[in-house]
Each structure stands twice: as structure tokens, then as C-alpha cells.
Amino acid sequence: MESNKQQPKVIIAGAGPGGLASAMLLAAKGVKVEVFERLSRVGGRTSYLVDGDFKFDTGPTFFLYPQLLEEIFKEAGANLADEVEMVRLDPQYRLFFEGGPTLDATPDLDQMEKEVAKISVEDSKRVKDFMKENAWKLEKLRPVLQQPFNNLSDFVKPSLFKALPAVRPWASLDQDLKRFFKDPRTRLAFSFQSKYLGMSPYRCPSLFSILSGLEYQYGVYHPIGGCAAVSEAMARVAKRMGVKFHLEEPVDELIFEGRRVTGIKTKTGEHKADALFINADFARAMSRLVPDHLLSRWTKAEVDDKQFSCSTFMLYLGIDGIYKDLPHHTIVMSEDYQGNLDDIENQHRLSDTPSYYVQNACVTDPSLAPEGKSTLYILLPVTHQHENVNWEAEASKFRDLALDRLSLIGLGDVRERIESETMITPDDWDSKYEIHRGAVFNLAHNIGQLLHNRPRNRFEELDGVYLTGGGTHPGSGLPVIYESARISANLALRDLSA
Ligand SMILES: Cc1cc2nc3c(=O)[nH]c(=O)nc-3n(C[C@H](O)[C@H](O)[C@H](O)COP(=O)(O)OP(=O)(O)OC[C@H]3O[C@@H](n4cnc5c(N)ncnc54)[C@H](O)[C@@H]3O)c2cc1C
């Protein structure tokens with residue numbers, strides 16, 4: 001193994017949010033870092049698409065809890081606010097229930113009570129109690145989300161015992177919310193956030209009510225230029241610290257000495273390092289980069305046996321004009337919300353009346369389109385790749401259905417106004433973005449695949465390998481992905497004595 005005690009060297013495979021945050025944290029501690037990325041720009045799913053004069057975020061559009069990234073920037077000697085302008089949204093988003101009513105979700109809790117009263121006056125009286133419990137829950141869970149789960153000893157830490165009453169592992173999110181809200185629509189208003197993890201609130205563990213708590217307590221932000229601007233800022237800061245980026249240079253192979261990884265092979269040859277961080281999609285990286293005989297817990301067969309998150313069908317539309325009455329974020333809940341989720345998670349088929357989400361970013365950020373024009377980002381949660389859905393045959397019909405359903409929120413004339421259009425199906429997530437089964441939120445976040453049961457930050461199957469990103473602990477979603485980088489960087493720094 002090539003070792004340099006003065007300045008250890010780490011290679012990072014992938015320049016997604018997990019890889020970028022790891023690069024910043026390692027470089028801040030004097031580690032020599034090189035990042036290898038298969039695509040031509042940084043950010044992974046948190047990058048952007050350009051179509052003509054229109055610019056779109058590829059994936060994330062909800063930027064939550066910037067405080068965590070601020071800490072990472074600070075460690076790297078930078079200031080997030082100097083690098084990216086963040087706008088706190090109010091309303092945070094519009095919730096459109098097919099069949100009524102429509103709520104504008106706001107962090108002003110007195111106003112939010114009035115919004116919830118449109119569904120149920122009784123439920124509106126419990127909004128503040130729910131928020132109070134969530135704030136308590138987040139404080140209990142915070143230490144658990146910040147620690148690794150590499151050994152059994154990690155389970156006997158006092159922080160975990162203290163968090164247990166908050167976790168309620170037997171309850172789903174929806175069951176848990178019944179303690180506060182009687183109307184299923186109110187429960188959906190405070191639990192649809194499980195979709196950020198690619199899960200239904202009827203299966204998602206109750207601990208994830210903290211997502212809704214995070215929004216109301218700390219805000220929903222739009223970074224000017226889109227979430228991709230955050231990824232670019234991270235790369236900029238990392239470069240200033242000496243991190244070297246190799247774009248369009250995928251890691252093709254790992255170099256092993258027994259179970260220890262000592263470097264990588266790319267089109268430019270062999271690159272040795274003291275440690276490797278894997279940010280590429282976990283399931284894909286295992287099947288592409290690690291020979292099965294070196295694996296026991298995460299062999300191809302074991303990985304195939306796991307439960308995966310849903311996928312998404314995406315339309316990115318450049319629009320003539322601006323829909324000024326449509327807020328930045330709108331979430332449309334199908335009248336058959338439960339049936340739609342059953343189609344996604346259990347039946348693995350396409351729904352006739354799917355729920356969807358629209359981002360109308362130009363009402364906040366005109367920089368994304370030419371003057372007098374705007375962008376629409378349309379996301380429909382769908383099953384991950386499955387033999388029941390042949391996207392080659394279905395994509396164009398599903399696109400038409402999606403455009404038809406936009407008339408629900410007043411965009412009946414959208415077809416006449418489309419100037420540019422890009423579509424991404426689960427097949428594209430799989431083939432162009434290298435995401436196993438197109439499951440864009442990684443392994444599902446059920447209790448059996450969390451904490452110790454998720455692929456571990458200090459990867460348990462190989463020596464000298466650390467995981468960062470949505471595939472490892474704590475899970476998918478930008479704040480926790482940045483946290484995964486911090487956990488893994490701290491473990492590696494300890495191991496490398498840097
Ligand atoms: C449509 C969509 C919407 C989302 N919305 C939100 C949201 O609103 N808010 C939120 O917080 N989260 C959201 N997420 C989830 C999550 O935050 C993002 O997917 C995030 O980008 C995942 O980060 P990551 O670091 O795990 O991996 P990625 O972003 O996928 O980065 C991994 C990188 O590894 C590279 N790579 C792969 N293989 C190799 C190889 N062999 N060699 C070198 N490089 C390689 C890839 O090209 C990629 O750049 C969304 C995701 C999607 C897809």
C-alpha cells in the first residue's frame with residue numbers, strides 16, 4: 001500500500017453531494033484528495049440540465065436545513081452564504097388535494113392552523129402540538145443521525161437509548177400521525193415528505209416525521225441558480241483547497257491486495273491511494289466494481305433481495321410565458337393517493353390518476369430562463385424498473401397523461417406553450433445515471449435497512465473503503481447525505497491518523 005503519513009491520499013469515486021462534502025472535509029484536514037467523476041460536470045443527481053436557453057435542476061429542488069452544509073463550509077474555511085444565495089420560501093409549497101381543498105403550507109403556524117382548518121377545524125388545533133413533538137423528536141434523534149453504526153458497541157451508546165421513545169419503531173408515519181390528526185388529508189399534508197425518501201407514509205417508519213418538522217422549523221429554501229448551484233459551490237471551495245477533479249473519468253476497476261483496496265483504474269491508468277470513498281450508487285458500484293467472491297453481506301444476490309425505493313418519471317419543460325399564479329412548489333395528491341402508492345410500491349404498474357409535483361422555479365429565480373419565459377419541472381413518482389412496465393412502449397402515453405393532469409392546477413394550455421422538452425424515465429436513471437433499477441432514492445428506508453442494517457460508512461466488506469451518499473447511513477436526502485460525508489470523513493481521518 002502506498003502510504004504517506006504526512007499527507008495521506010484519498011480517492012473519491014463520484015462527485016455527487018456525498019463525494020463533494022467528503023472532499024471538502026478531508027481536504028480541510030490536510031488530506032490529499034482526488035475526485036473521479038464519470039460525467040462531464042459535478043453534482044450527480046444534484047446537477048442541472050440545459051435545454052436551449054432553459055436551465056433545470058436534475059433532481060433535488062427542496063433544499064432543507066442549510067445549517068448542516070453551513071457547518072461543512074465553515075470547516076472548509078468558507079461561508080455558504082458568500083457562495084450561494086438562498087431564498088426561504090413562504091408559502092413553502094402548495095398542497096393540492098384532487099377533490100379539494102388547496103392549502104398553502106406556511107411556517108407561520110397561526111396561518112397554517114387556518115390552512116389546515118380548510119380540511120378540519122379539529123385537526124387545525126393540533127398543528128402546534130405536532131410541531132412541538134417534532135422539535136423534541138429531532139433533538140433526540142440528532143445524535144443518532146450524526147454517529148456511525150459500524151459495530152454492535154454503537155448500539156449501546158446512551159444517545160440511542162435516549163432516542164428510543166422518539167423512534168416508535170412499530171408505527172408507520174401515517175399511524176403515528178393519527179395521534180394528532182383525524183382526517184387522512186391532514187395526515188398527508190404532514191407526511192407526504194416520506195416521498196423525499198421514495199417511500200409511502202403508510203410504510204415509512206414514524207421517525208421520519210422529522211422531515212416535516214425540519215421544513216416548518218428550519219425552512220424550505222431555493223438556492224438561486226438551483227440546487228445544482230450548491231454542488232458547484234462545493235466543488236469551487238474544494239478546488240481552492242487543492243482537491244483535484246477528474247471529470248469524464250469513471251472508475252473502471254478497483255485495485256485489491258486481498259480485501260484491501262489500494263487504488264483504482266481509469267482510462268488514464270492506475271491511481272494509488274490510502275483510502276477510497278465510494279459515492280457512486282451503492283448497488284451499482286457493488287456489481288460493477290467489486291468481485292462477488294470478496295463480498296458476503298452485499299453480493300449481487302443479496303443486493304437483489306433488498307427493497308429499493310421508487311423511481312421518478314420526469315418532464316423538464318421550457319415555457320413561453322410565466323405561470324405567475326402558480327407558486328414555486330406544488331404537490332398534487334391524487335384522489336386515489338393510496339391506490340397510486342400501491343401501484344408504485346406493490347403492484348409495480350403505472351397509475352391512471354397519478355400524484356405529481358411541479359416546480360415553477362422562475363417565480364422565485366428568473367435566472368433559469370430568458371426574459372418572459374420560464375421552466376416547469378414535473379415529477380411523477382413511479383415504480384422502480386420492473387418487468388410490468390416497458391418504458392419504451394409507455395413513455396409517450398405517460399407523458400400525455402402527465403400533461404393532461406396539469407390542467408387540474410390551471411395549466412390546461414401547457415402544450416401550446418412548450419418551447420423545449422426533456423424526459424427522464426426510470427430506464428434513463430438506470431442507464432444514463434447508473435442507478436440500480438432507477439431507484440433514485442437508493443435502498444428503501446424501512447427499519448430493516450436503516451442504521452446498522454444499511455451498508456456501513458466504514459464499509460464492512462473491504463478494508464480502506466468508506467461509503468458516502470444516499471446509499472449508506474443515515475440515508476437519502478441532501479442534509480443526511482452531507483451528514484454521511486461527515487461521519488465517513490471522521491472515520492477515515494481517525495483510521496489514517498490524519
Ligand atoms: C428526481 C429527484 C428528486 C430529488 N429531490 C430531492 C429534494 O428535493 N431534496 C433532497 O434533499 N433530495 C432530493 N433527492 C435525493 C438526493 O438528495 C439526490 O439524489 C442526491 O443527489 C444523491 O446524492 P449522492 O451523493 O448519494 O449521489 P449522486 O448525486 O447520484 O452522485 C453520485 C455520483 O457518482 C458518479 N459515479 C457513478 N459511478 C461512477 C464511477 N464508476 N466512477 C466515477 N463516478 C461515478 C455519478 O455520475 C454521480 O455524479 C432527489 C433525487 C432525485 C433523483
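Residues numbered from 1 in each chain as written. Predicted model: local features only at pLDDT ≥ 70, side-chain atom pairs only at ≥ 80, totals over all residues. Heavy atoms only, no water.

## Overview of the overall build of the protein chain
Then, in step 1: Within the protein chain, the secondary structure is distributed over 18 helices and 20 strands.
Then, in step 2: Over its C-alpha trace the protein chain gives a radius of gyration of 22 Å, about what one expects of a compact globule, namely 23 Å for 498 residues.
Then, in step 3: Put simply, the protein chain has 498 residues, and 61% of those count as buried.
Then, in step 4: Accessible surface, the protein chain as shown: approximately 19200 Å² in total, 48% of it carbon and sulfur.
Then, in step 5: The averaged location of the 70 negative side-chain charges in the protein chain is 6 Å from the averaged location of its 59 positive side-chain charges. (Helix = DSSP H or I, 4+ residues; strand = E, 2+ residues; numbered from the N terminus. Rg over C-alpha atoms; globule rule 2.2 N^0.38 Å. Buried < 20%, exposed > 50% of the residue type's maximum accessible area, 1.4 Å probe, protein only. Areas by Shrake-Rupley, 256 points an atom, 1.4 Å probe, with all protein chains shown as cover. Lys, Arg positive; Asp, Glu negative; His and termini not counted. Charge placed at Lys NZ, Arg CZ, Asp CG, Glu CD.)

## Here we look at the side chain of Asp174
Then, in step 1: Following the sequence through the fold, Asp174 ends up in helix α8 (residues 173-177).
Then, in step 2: According to the relative accessible area criterion, Asp174 is buried, its value standing at 8%.
Then, in step 3: Contact partners of Asp174, with chain neighbours within four places excluded, come to Arg187, Pro201 and Tyr202. (Contact = heavy atoms within 4.5 Å.)

## Focus on the sheet that holds strand β15 (residues 311-320)
Then, in step 1: Read from one edge to the other, the open sheet built from 7 strands follows the order β8-β7-β16-β17-β18-β15-β19, with strand pairing classed as mixed. For this open sheet the edge positions go to β8 (102-105) and β19 (418-424), each flanked by a neighbour on one side alone. The sheet shows a mean angle of 15° between the axes of neighbouring strands, taken without regard to direction.
Then, in step 2: The pairing of strand β17 (residues 356-359) with strand β18 (residues 373-382) spans 3 bridges and is antiparallel. Each residue of the ladder has a partner; that of Gln359, found in β18, is Tyr377. (Pairing = 2+ DSSP bridges. Axes fitted to C-alpha atoms, helices over the stretch in contact; angles between N-to-C directions.)

## Notes on the site of the ligand
Then, in step 1: Surveying the vicinity of the ligand reveals 33 residues, the closest of which are Glu37, Arg45, Thr46, Gly470 and Leu478.
Then, in step 2: Between the ligand and the protein, one listed contact pairs an oxygen atom with a backbone N or O atom of Thr61 at 3.1 Å.
Then, in step 3: Protein contacts shield 94% of the accessible area of the ligand, which totals 990 Å² for the unbound molecule.
Then, in step 4: Listed by contribution, the elements that provide at least two residues to the shell around the ligand are α1 (17-28), β15, β18 and α18 (478-496).
Then, in step 5: Tallied by class, the residues present in the shell around the ligand amount to 16 nonpolar, 14 polar and 3 charged.
Then, in step 6: Formed jointly, the shell around the ligand draws a minimum of three residues from each of two domains, domain 1 (9-46 + 224-306 + 443-496) and domain 3 (310-431). (Near = heavy atom within 4 Å. Polar contact = N/O pair within 3.5 Å; in protein donor to acceptor, adjacent residues only side chain to side chain. Nonpolar A, V, L, I, M, F, W, Y, C, P; charged D, E, K, R; others polar. Domains from an automatic or database assignment.)

## Side note on the sheet that holds strand β14 (residues 275-278)
Then, in step 1: The strand order across the open sheet built from 5 strands is β10-β2-β1-β14-β20, with neighbouring strands paired in parallel fashion. Sheet topology places β10 (244-246) and β20 (465-467) at the edges, where each strand pairs with a single neighbour. Taken pair by pair, the neighbouring strands of this sheet meet at an average axis angle of 20°, ignoring direction.
Then, in step 2: With 4 bridges joining them, strand β1 (residues 9-13) and β14 adopt parallel strand pairing. Across the sheet, the residue bridging to Val10 is Ala275, located in β14.
Then, in step 3: In this fold α1 packs onto β1, β2 (32-36), β10 and β14, with an angle of close to 170° to the strand it touches most, β1.
Then, in step 4: Helix-sheet contacts for α18 involve β1, β14 and β20, and the interaxial angle to β20 is about 160°.

## What to know about the domain arrangement of the protein chain
Accessible area lost when the parts come together is the quantity often used to give the size of an interface.
Then, in step 1: What the domain assignment reports for the protein chain is domain 1 (9-46 + 224-306 + 443-496), domain 2 (108-218) and domain 3 (310-431).
Then, in step 2: Relative placement of domain 1 and domain 3: their C-alpha centres are 30 Å apart.
Then, in step 3: For the pair domain 1 and domain 3, the summed buried surface comes to about 360 Å²; carbon and sulfur atoms form 45% of the total.
Then, in step 4: Interface area lost by domain 1 to domain 3 is led by Ile224, Gly225 and Arg284, which between them contribute 74%.
Then, in step 5: At the junction of domain 1 and domain 3, the tally comes to 1 salt bridge. (Buried area = accessible area lost by both parts, 1.4 Å probe. Salt bridge = Lys/Arg side-chain N within 4 Å of Asp/Glu carboxyl O.)

## Quick notes on the pairing of strand β13 (residues 269-272)
Then, in step 1: Of the pairings in the sheet, the one linking strand β12 (residues 260-266) to β13 comprises 4 bridges and is antiparallel in character. Bridge pairing links Lys265 to Glu270 in β13.
Then, in step 2: The hairpin formed by β12 and β13 contains 2 residues between the paired strands.

## Quick notes on the nonpolar core
Then, in step 1: One finds Leu26, Tyr93, Phe190 and Tyr482 to be the most contacted residues of the largest nonpolar core, which totals 107 residues.
Then, in step 2: In terms of residue count, the dominant contributor to this core is α18 (9 residues).
Then, in step 3: With sequence-adjacent residues up to four places away left out, Leu26 is seen in contact with Val10, Ile12, Val31, Val33, Phe277, Ala489, Ala492 and Leu493.
Then, in step 4: Grouped together as the second largest cluster of nonpolar side chains are 27 residues, Ile11, Leu254, Met286 and Leu289 included. (Core = buried A, V, L, I, M, F, W, Y, C linked by side-chain atoms within 4.5 Å.)

## What about the environment of Phe245?
Then, in step 1: As for its position among the elements, Phe245 is in strand β10.
Then, in step 2: Of the residues examined, Phe245 reaches a relative accessible area of 16% and is grouped as buried.
Then, in step 3: Sequence-wise, Phe245 and Val33 are 212 residues apart; in three dimensions their C-alpha atoms are separated by 8.7 Å.

## Considerations on the environment of His246
Then, in step 1: With respect to the helices and strands, His246 occurs in strand β10.
Then, in step 2: For His246, a relative accessible area of 14% gives the class buried.
Then, in step 3: When the C-alpha atoms of His246 and Phe36 are compared, they prove to be 4.8 Å apart, with 210 residues separating the residues in sequence.
Then, in step 4: Within the local environment of His246, its side chain forms a polar contact with the side chain of Glu34, the two groups lying 2.6 Å apart.

## Examining the packing of α1 against α18
Then, in step 1: Between α1 and α18, whose axes approach to 8 Å, the crossing angle comes to 40°. With respect to each other, α1 and α18 are oriented oblique. With respect to the hand of their crossing, α1 and α18 are arranged in right-handed fashion. Here α1 contributes Pro17, Gly18, Ala21, Ser22, Leu25 and Leu26 to the contact with α18, which in turn contributes Leu478, Ile481, Tyr482, Ala485, Arg486, Ala489, Ala492 and Leu493.
Then, in step 2: A per-class count over the contact of α1 with α18 returns 11 nonpolar, 2 polar and 1 charged. (Parallel < 35°, antiparallel > 145°, perpendicular 65-115°, else oblique. Left-handed = near helix turned anticlockwise from the far one by under 90°.)

## Brief notes about helix α14 (residues 337-347)
Then, in step 1: Listed as buried for α14 are Tyr337, Gly339, Asn340, Leu341, Asp343, Ile344 and Glu345.
Then, in step 2: Tucked into the core, α14 has its buried residues touching α9 (184-189), β16 (329-333) and β18.

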